[in-house]
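Chain by chain, the residues:
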Amino acid sequence: MPGSIPASASSASPISYPWSAARRRLREGARELPVVPVTILGVTLLAALFADALAPHDPVLGNLRHRHRPPAWLAGGDVSHLLGTDHLGRDILSRLLFGARISLLVGFTAAVVAGALGTAVGIISGYCGRWVDQLIMRIVDAWIALPAISFAIFLAVLLGPSEMNIVIILAGIFWTRYARVIRGEVLSLKERDYVRLAVVANCSMWTIMRRHILPNVINTSIVLSTLIVGVVIVAEAALSFLGVGVPPPKPAWGLMLADGKEGMMAGYWWVTLFPGLAIMLVVLAANLLGDWLRVRLDPQLRQL
Amino acid sequence: MTRFVLKRCLYALGSLFILSVTIFLLIRLTGDPATLLAAPEAKEADLQAIRVQLGLDRSWAVQYVHFVGGALRGDFGTSLYYRVPAGTLYWQRLPASLQLAAVAMAISLLVGLSVGILAAVHVGRWWDSVGKLIALLGLSMPSFWLGLLLIYVFAVSLHWLPTSGRGTAAHLVMPAIALSGYFTAAHMRLTRSSMLDVLGSEYVKLARLKGVPETWVLVKHAFKNALIPVVTLAGINLVLMINVAVVVETVFAWPGIGRLLYEGIEFRDFPVVQTVVLLGGVMVIAANLTVDILYAWIDPRIRVER
C-alpha cells in the first residue's frame, strides 16, 4: 500500500540517520565484499556449527595404536586421518573442527561483552565529564598499563581454568580499549547542535546518551570489535598454550599447540602446523574484515 | 612546563594507586589468599596460621597499607617454590628479558623501517604489496606458533641453531625473531604512513623544487622527520616486549621474567605471579610518563593543550 510508506518513514526517529547512512554504505560495499576473509570466517563458522556431523572421529578419545600418524598424503598416512594424529592417537582434523567451536565462541563472546561494557563506560565517561570522567579514565589508564597477557595470566591463576572464566578475563581486560576510543568520540559528539538541542528540550541524560550518542558511536564499536576478536582469539590460544586457559583434554587450538611441542622435536610437525595455521587464518580474516569495515563505516578511526 | 610535568606525574601516581588497589582487591575478591599460598593438602589450622602470619585477619585498609609499604621497600613476598624473595628472582631474571627485547627491537626496527620506507616511496607498487603482506602476517601470526615453526625448521630439521636455552648468540636468534614479528609489522605500518605524511608536506615539495636530488630529499628531509613517531612507538614497545615475552620465553626456555611468570603458574607460586604483573604495570606507566614529558619538551604545543 503506497500510503503506508510515508507513515512508516515518519515513524522512524530522526536519529536513525547515522544508522541508515552506514547501512547504505554497507549495502553499496556488499558488492565488493572482501572475499578472502568472509570465506575463511564462513568456513570456520560452518566447521564450528557442524563439527559433530563433519568430524570423522571423536575429538577427545584417541587410539594409542594410531599415534603420530602423518597426514594422508604422506607415506604411512591413511585416509581415515586426513591431517594425521597426535601423541595420543587423536584425529587432528576432528580436533581442529571442534576447536573452531571453542575459539569462535570464546573470541566472539569476549569481544561482544568487552564491547558492550567498554562502549557503555566510554559514553558515560565522555558525556558526564568532570570527576566521573577523571575517575573512569584513571582506571582505564591503569588497566591499559598492565601488559594484557601477564594480566590475563594473573586473573586466570586466580579464577582457575575454564572457557567461562577466559571470557570474563578477556572481556575484563579488553573493555578498556573500547572505553578510551569511544570516550574520545563522545567528547566531540556532545558539542554537536543536536545534542545541545536535546539538552534544551529537557531530554534526560539517559535518553541523550541512548538515543543521540550511542547510535553515533556504534559503528566505531563494531569496527573495534572485529579487530579485537583477532586479538582475543590469540590471547585465548596463548592462555591455553600456557595451561591456564581451556582445560585439557578439550580440543582448543592453543592446547593442541602445547600438545604438539614434544612431538615436533621428534619430527611430527603436523601436530603443530595445523592448529597454528587455523589460528593464523582466523585472525588474519578478522584483521582483514576489520580493516575493510573501518574504511566502510568509520574512515576517521585510524588508531587501535 | 613545570605545571605540565607535575600534572603528568600526578596522573601517573594515580594510575599506580589504582593499579595496586586493583591487584590487591582482585586477590581478595576471588578467594582466600591463604589457599593460594598453602599446599593443596593443607589443613584448616595451617591455613589459619598463614592468615595470621600474613596479617590476613586484619582489616583490608591495614592490609593494603602493609602491601604497598612492602612493595615500596622492594618486598613482594617470598617465592613459595624457590624460598627466596620474589623481588630478588625478578631482578635476577630481568637482564635476560632486556637482552631478548633489545635484539628483537633491533630486528623489528631494521626490517620495519626499511620495508616501511620502501613501501612509502613505491606506494601502490610491488614493495608496497610486500609491506602489506609482512604487516598482515606479523599481526596475525601468534608469536609462539612462529617460534615453534622456527624451531622445527632451523633446529630440528637443519640443525643450524640450538632449540632452546640461553648462552651463545645463536641461542638469541630464534626467540628474538619470534618476539619481533608483531612489532615489525607495527613499526612498518607506522613508518609507511609517517613517511607518506612527510613526503606530502610543503617543505619536501620545496626541496624537490629547489632541485635537491631525490635520495637526499628522502634521507635528509623526509626520513629524519618521519622517524620521530616511530621512535616514540619503539620506546613504548620496548617496554611492552619485555612484558609480553612470556609465551616466546616459554617456547624457547629463555630464562627471563616471562619464563619466571610461567614457572609461577606451573608451581602455583602466587607471589611470583603477582610481582611480575605488578612490576610490568609499573614499567609501562613509567614509560608512558617519560614519553609524555619528552614530547612536551620537544613540542611546546602539547603543554598548553591539556
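Here the focus is the overall build of chain A. Regarding its fold elements, chain A presents twelve helices and zero strands. Here chain A, with 304 residues, has 50% of them falling under the buried criterion. Pairs at least 24 residues apart make up 74% of the contacts formed inside chain A by residues separated by at least 6 positions. Carbon and sulfur atoms form 67% of the exposed surface of chain A, whose accessible area is close to 13,900 Å².

Residues and elements named next belong to chain A. Following the criterion strictly, the structure yields 18 salt bridges over all chains and no others. Between Arg90 and Asp86 there is a salt bridge, and its shortest N-O distance comes to 3.0 Å. Its relative accessible area of 3% is what places Asp86 among the buried residues. Two residues, Lys250 and Glu163, come together in a salt bridge whose shortest N-O distance is 3.0 Å. Of the two residues, Lys250 is situated in the loop between helix H10 (205-242) and helix H11 (253-265) and Glu163 in helix H8 (residues 163-189); the sequence distance between them amounts to 87 residues. Under the relative-accessibility criterion, Glu163 is labelled partly exposed at 22%.

Looking now at the interface of chain A and chain B. Counting from both sides, the interface comprises 42 residues of chain A and, opposite them, 43 residues of chain B. Of the roughly 3,900 Å² buried where chain A meets chain B, counting both sides, 82% is carbon and sulfur surface. Run the count over chain A and chain B and you get one salt bridge. In this structure, A:Asp291 engages B:Arg189 in a salt bridge whose closest nitrogen and oxygen atoms are separated by 3.4 Å. Residue assignment for the side of chain A that touches chain B shows that the elements contributing at least two residues are helix H6 (130-145), helix H7 (148-159), H10, H11 and helix H12 (270-297) of chain A. Sort the elements by how many residues they give to the side of chain A that touches chain B and H12(A) lands first, with twelve residues.

Throughout the structure, instances matching the rule amount to 19 aromatic pairs over all chains. Centroid distance B:Tyr81 to B:Phe267: 3.7 Å. Interplanar angle 10°. Geometry classified as stacked. Taken together, the positions of B:Tyr81 in the loop between helix H4 (60-72) and helix H5 (86-121) and B:Phe267 in the loop between helix H12 (257-266) and helix H13 (270-298) put the pair 186 residues apart, joining distant regions of the chain. We classify B:Phe267 as partly exposed; its relative accessible area is 35%. Counting every residue linked through ring pairs, the aromatic cluster contains A:Trp73, A:Tyr268, A:Trp269, A:Trp270 and A:Phe274. Sitting above the plane of the B:Tyr11 ring, A:Arg138 keeps its charged end 3.9 Å from the centroid.

Calculation rules
Residue indices begin from 1 for each chain and proceed along its sequence in written order. For this description, chains carry letters from A and ligands carry numbers from 1, given in the order in which they are written. Local features in a predicted model are, by the rule used here, given only for residues with pLDDT of at least 70; side-chain atom pairs are given and counted only at 80 or more, and totals for whole chains, interfaces and linings are based on all residues. In computing side-chain properties, one takes all heavy atoms of the structure into account and sets aside hydrogens as well as water. Secondary structure follows DSSP: runs of H or I at least 4 residues long count as helices, runs of E at least 2 residues long count as strands, and numbering of each begins at the N terminus. Note on exposure labels: buried denotes an accessible area under 20% of the residue type's maximum, exposed denotes more than 50%, and partly exposed covers the range between, all computed with a 1.4 Å probe on protein chains only. Contacts were defined at the residue level, with two residues in contact if any of their heavy atoms lie within 4.5 Å. Accessible surface area values rest on a Shrake-Rupley calculation with a 1.4 Å probe, where residue burial reflects the displayed protein chains alone. In what follows, salt bridge is the name for a side-chain nitrogen of Lys or Arg lying within 4 Å of a carboxyl oxygen of Asp or Glu. Two parts placed together each lose some accessible area under a 1.4 Å probe, and adding up what both lose gives the buried area. Each Phe, Tyr or Trp ring (for Trp, its six-membered ring) is paired with any other whose centre lies within 6.5 Å, and the angle between the two planes then decides the class: stacked below 30 degrees, edge-to-face above 60, tilted in between. Counted as over-ring charges are cases with an Arg CZ or a Lys NZ within 6 Å of the ring centre that also lie within 35 degrees of the ring normal.

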